[in-house]
Amino acid sequence: MKILLVGSGGREHALAWAIAKSPNCTKLYCAPGNAGIANDAELVDIGAEDVEALVGFAKENKIDFVVVGPEAPLVAGLVDALEKENIPAFGPKANAAILEGSKGFMKDLCAKCDIPTARYKRFNNLEKATEFIHELGAPIVIKADGLAAGKGVIIAETVDEAIEATKEMLSGSAFGLAGSEIVIEEFMDGEELSYFAISDGENFIPFTSAQDHKRAFDGDEGPNTGGMGAYSPAHFMSDDLEQKIIETIIKPTVKGMEAEGCPFAGVLYAGLMIVDGVPKLIEYNVRFGDPECQPMLMRLKSDIVELLYASATKSFNELAPLEWDQDATLCVVMAANGYPGSYEKGTPIKGTDELNSLADVKLFHAGTLTDNSGALINTGGRVLNIVGKASTIEGAQAKAYEGVSKIDWPDGFCRSDIGWRAVKADKEKAA
Ligand code: AMP
Ligand code: GLY
């Protein structure tokens, strides 16, 4: 198959690497890609959100299958537009991508289908919102309804802070239109887990779990980011917990979306809070997590193209059970100094060849570009993803940081404690 991959982050580099390995892929294009993806795919100079140009390219180049990485083109209807041209694509149509595109929609689905989640209400009016804030008390969570690049969530420690955040969102000054409607919900205290399942609209295949590190600095301090590192599987995942997640969250979601007339095909990424052993849904994303995808795909032994194509063409029955490497994998993100705030672009990065010569370490690029002189420079905030693999999380952590030590990039930083909860738990178990 000739395959077109859409996106340019670390997630897409991991997807490109996995797709390029597949015997089902004869040619891989990536739009727009990055300097690392260029090793696995031919780059196409079309933005990930330019639906018309992407469809045009797919038609002209007789693309057999399109894999969409990020959420924005899904919400914008890329899969719908490709379907009109009879080009199968992995990812939900716009009416199902709303599961991520509107937090209010997702919460209403939970209410209808009895999916455990934080108690909530939707508002577009400050007075009513303020009443509910007083009723729930702090800590309390205020969320912009629409997509806000992962930044539309405020955890308010006090009622006053919550009212202030509500004012800012509703006035449009915080997140523009995305915040003109908000969800206010109860704060849940527990351990976070990302769980993934691949659906074809009617049925689904459990994928695997990961744990992300959203704060910028060590010890889970500092501002929220897109994710500074992740490992897979999550250390406290068990068969029992996985069954609970599947039965109480994934299954009713797939059935519920079908009943709503917007069947969900693609990857369901459930952001969960495990509260006293009970999984509760924080949010849905409609694409692979970034950076969670990178360590997960390092563990996947099955052919990813077969899996994604089966989701797009409703042919799960022809698929062999997924096979996983029994090793753990851990990904450290290197970001530009200043991220998630403002940072410099165009700073030179060296040491990738030294990193690539290591065994059980893999580099996935995110915001990188090869400049005219052939030097590698950063073009984004999150820039490199270094994944290590070993029989234990601690071993995978050591491997990943061995990779990091090879990188010579004075303008970048990373956390030094990715996987700390899992390593600590393993040590306590051993003691
Ligand atoms: P989201 O963008 O919905 O993933 O939210 C970002 C982060 O905010 C999540 O990863 C959680 O750490 C936190 N969060 C969101 N909603 C809640 C909640 N109801 N209770 C506790 N933490 C939450
Ligand atoms: N790592 C969080 C996300 O992909 O949304």
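If you're wondering where the values come from, they're calculated on a predicted model, not measured in any experiment.

Q: A description of the site of ligand 1 should follow, citing residues and the corresponding values.
A: Every one of the 15 residues lining ligand 1 counts as a neighbour, but E185, E186, M188, E192 and E283 are closest to it. Between ligand 1 and the protein, one listed contact pairs a nitrogen atom with a backbone N or O atom of E186 at 2.9 Å. E192 places a polar side-chain atom, nitrogen or oxygen, 2.4 Å from an oxygen atom of ligand 1. Contact with the protein chains hides 91% of the accessible area of ligand 1, taken as 470 Å² for the molecule alone. Elements with a contribution of two residues or more to the shell around ligand 1: β7 (140–144), β8 (153–156), β9 (182–186) and β16 (278–285). For the shell around ligand 1, the per-class residue count stands at eight nonpolar, no polar and seven charged.

Q: Could you give an account of the nonpolar core, with specific residues and numbers?
A: If you look at the biggest cluster of nonpolar residues, it comprises 52 residues, and the most contacted ones within it are V66, L99, I250, L272, L281 and Y284. Here this core gets seven residues from one element, more than from any other, and that element is helix α9 (residues 239–259). With 41 residues, the next largest nonpolar core counts L15, F288, V305 and L307 among its residues.

Q: Quick rundown of the packing of helix α1 (residues 10–21) against helix α11 (residues 304–313)? Include the residues and the values.
A: When two helices pack together, their arrangement is captured by the angle between the axes and the distance separating the axes. Viewed as axis vectors pointing N to C, α1 and α11 meet at an angle of 105°, and their least axial separation amounts to 8 Å. Here α1 is positioned roughly perpendicular relative to α11, judged by the angle of their axes. Every residue of α11 that contacts α1 at L15, A18 and I19 is listed here: I304, V305 and L308. Looking at the contact of α1 with α11 residue by residue, the classes come out as six nonpolar, no polar and no charged.

Q: An account of the pairing of strand β17 (residues 328–336) is needed here, citing residue identities and associated values.
A: In regular strands, side chains alternate between the two faces of the sheet. The buried fraction of β17 is high, at nine of nine residues. Sheet topology places strand β14 (residues 229–232) next to β17; four bridges connect them, and they run antiparallel. Paired with G229 across the two strands is V332, which belongs to β17. The sheet contact formed by β17 and strand β21 (residues 382–390) spans eight bridges and is antiparallel. Bridging across to β21, T329 finds its partner in K389. The pairing of β17 with strand β22 (residues 412–413) spans two bridges and is antiparallel. Looking at the pairing, A336 lines up with G412 of β22.

Q: I'd like a rundown of a nonpolar patch on the surface, residues and numbers included.
A: Where nonpolar side chains cluster on the molecular surface, the patch consists of V153, I155 and F187 and spans about 210 Å² of accessible area. By secondary structure assignment, the location of I155 is in strand β8. Owing to a relative accessible area of 39%, I155 belongs among the partly exposed residues under this scheme.

Q: Could you give an account of the sheet that holds strand β1 (residues 2–7), naming the residues involved and the relevant values?
A: Sheet architecture is open: five strands sit in the order β3-β2-β1-β4-β5, paired in parallel fashion. At either margin of the open sheet sits one strand with a lone partner, and together these are β3 (42–43) and β5 (89–90). Strand direction decides the pairing type here: β1 and strand β2 (residues 27–32), joined by six bridges, are parallel. The residue bridging G7 from the neighbouring strand is P32, located in β2. Docked against the sheet, α1 engages β1, β2 and β4 (65–68), running at close to 170° with respect to β1.

Q: Kindly report on the environment of R382, identifying the contributing residues and their values.
A: By the secondary structure assignment, R382 is in strand β21. Here R382 falls in the partly exposed class, since its relative accessible area comes to 21%. If we skip the residues at most four places from it in the chain, R382 touches G226, G227, D290, P291, V333, M334, A335, Y339, A366 and G367. From its side chain, R382 meets the backbone oxygen of G226 in a polar contact 3.1 Å long. In terms of polar contacts, R382 uses its side chain to reach the backbone carbonyl oxygen of G227, at 2.9 Å.

What counts and how
- Residues numbered from 1 in each chain as written.
- Chains lettered and ligands numbered in written order.
- Predicted model: local features only at pLDDT ≥ 70, side-chain atom pairs only at ≥ 80, totals over all residues.
- Heavy atoms only, no water.
- Near = heavy atom within 4 Å.
- Polar contact = N/O pair within 3.5 Å; in protein donor to acceptor, adjacent residues only side chain to side chain.
- Areas by Shrake-Rupley, 256 points an atom, 1.4 Å probe, with all protein chains shown as cover.
- Helix = DSSP H or I, 4+ residues; strand = E, 2+ residues; numbered from the N terminus.
- Nonpolar A, V, L, I, M, F, W, Y, C, P; charged D, E, K, R; others polar.
- Core = buried A, V, L, I, M, F, W, Y, C linked by side-chain atoms within 4.5 Å.
- Buried < 20%, exposed > 50% of the residue type's maximum accessible area, 1.4 Å probe, protein only.
- Axes fitted to C-alpha atoms, helices over the stretch in contact; angles between N-to-C directions.
- Parallel < 35°, antiparallel > 145°, perpendicular 65-115°, else oblique.
- Contact = heavy atoms within 4.5 Å.
- Pairing = 2+ DSSP bridges.
- Patch = residues over 30% accessible without salt bridge, like charges linked within 9 Å, V, L, I, M, F, W, Y side chains within 5 Å.
- Salt bridge = Lys/Arg side-chain N within 4 Å of Asp/Glu carboxyl O.

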